[in-house]
Amino acid sequence: MTEILTPRLLLRRWTEDDLAPMAEINADPEVMRWIGDGSVRDLEQTAEDIERWEEEWDEEGFGLFAVELLASGELAGFAGLSVPDFLPEVLPDIEIAWRLGRPFWGQGYASEAAHAVLEFALQDRGLDRVVSICRAGNTASENVMRKLGMTPERETVHPEYGYPLRVHAIDLTEYSG
């Protein structure tokens, strides 16, 4: 299944029409302050990101979904599963991740999308555990993790940038949605 319908969202594969709105999300310093080194990403970098996300779908059988609002058809951002290559110490765990544009914050969309992704991970992909990784201090993402039933598992340091990270995990065999 590469489309998931929730009450307010459509999680789906990426299209060409998603490039400009995702690039706009990636160009917002507030959105990107918790990602990587905190740098914004331009149109070309976003195109490379989307291409890489689609390749992960083809190689792994999962990936990051484009998150579209059903009411308006707007691209809100992404939510999905990925291999967290940037943090080898958690491998072979799979990460659940999300990134939404600022106009979509504070409305429960990240939690709604992430809940659907957890069900996808368990029911469609047979994963028995997922992790979520965030920079220490990113309380908004940690709130979503808590709502998903994830618990803090460890603190570590980003291998490239040196800032503290928090790893949360959930055993999907105990997940009840």
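Structure first, text after, so check above.
Asks: So what exactly am I meant to see when it comes to the packing of aromatic side chains here?
Replies: Two aromatic rings, taken as a pair, are described by how far apart their centres are and by the angle between their planes. Enumeration over the complete set of coordinates arrives at six aromatic pairs. Taking the centre distance of 5.1 Å and the plane angle of 40° together, the rings of Trp14 and Trp53 count as tilted. Within this pair, whereas Trp14 is found in the loop between β2 (9-12) and α1 (19-26), its partner Trp53 is found in helix α3 (residues 43-60), the two being separated by 39 residues in sequence. Comparing Trp14 with Trp53 shows no difference in burial state: the two are buried. In textbook terms, an aromatic cluster arises when at least three aromatic residues are bridged by ring pairs, as seen for Trp14, Trp53 and Phe78. In this structure, Arg135 is placed above the aromatic ring of Tyr163, and the distance from its NZ or CZ to the ring centre is 3.7 Å.

Asks: Mind showing me how you'd approach the pairing of strand β3 (residues 64-69) here?
Replies: Successive side chains on a regular strand alternate, one facing one side of the sheet and the next facing the other. For β3, the buried fraction is high: six of the six residues fall into the buried class. The alternating pattern of β3 places Leu64, Ala66 and Glu68 and Phe65, Val67 and Leu69 on opposite faces, both of which are buried. The sheet contact formed by β2 and β3 spans four bridges and is antiparallel. Looking at the pairing, Leu11 lines up with Val67 of β3. Across five bridges, β3 lies against strand β4 (residues 75-82) in antiparallel orientation.

Asks: I tried to follow the pattern of salt bridges on my own but got confused; where do I start?
Replies: Pairs can form between side chains of opposite charge whenever their charged atoms are close. Taken as a whole and assessed by the stated rule, the structure comprises 15 salt bridges. Residues Asp58 and Arg13 are paired through a salt bridge, measuring 3.4 Å at the closest nitrogen-oxygen approach. Of this pair, Asp58 sits in helix α3 while Arg13 sits in the loop between β2 and α1; the two residues are 45 residues apart in sequence, bridging distant segments of the chain. On the basis of relative accessibility, which here comes to 24%, the residue Arg13 falls in the partly exposed class. Of the charged contacts, one joins Glu153 and Arg154 as a salt bridge, the two residues approaching to 4.0 Å between their closest N and O atoms. Judged by its relative accessible area of 36%, Glu153 is partly exposed.

Cut-off values and rules
Residues numbered from 1 in each chain as written. Predicted model: local features only at pLDDT ≥ 70, side-chain atom pairs only at ≥ 80, totals over all residues. Heavy atoms only, no water. Phe/Tyr/Trp six-rings, centres within 6.5 Å; stacked < 30°, edge-to-face > 60°. Helix = DSSP H or I, 4+ residues; strand = E, 2+ residues; numbered from the N terminus. Buried < 20%, exposed > 50% of the residue type's maximum accessible area, 1.4 Å probe, protein only. Lys NZ or Arg CZ within 6 Å of the ring centre and 35° of its normal. Pairing = 2+ DSSP bridges. Salt bridge = Lys/Arg side-chain N within 4 Å of Asp/Glu carboxyl O.

In short, the description is geometric, and any link to function would need to be established separately.
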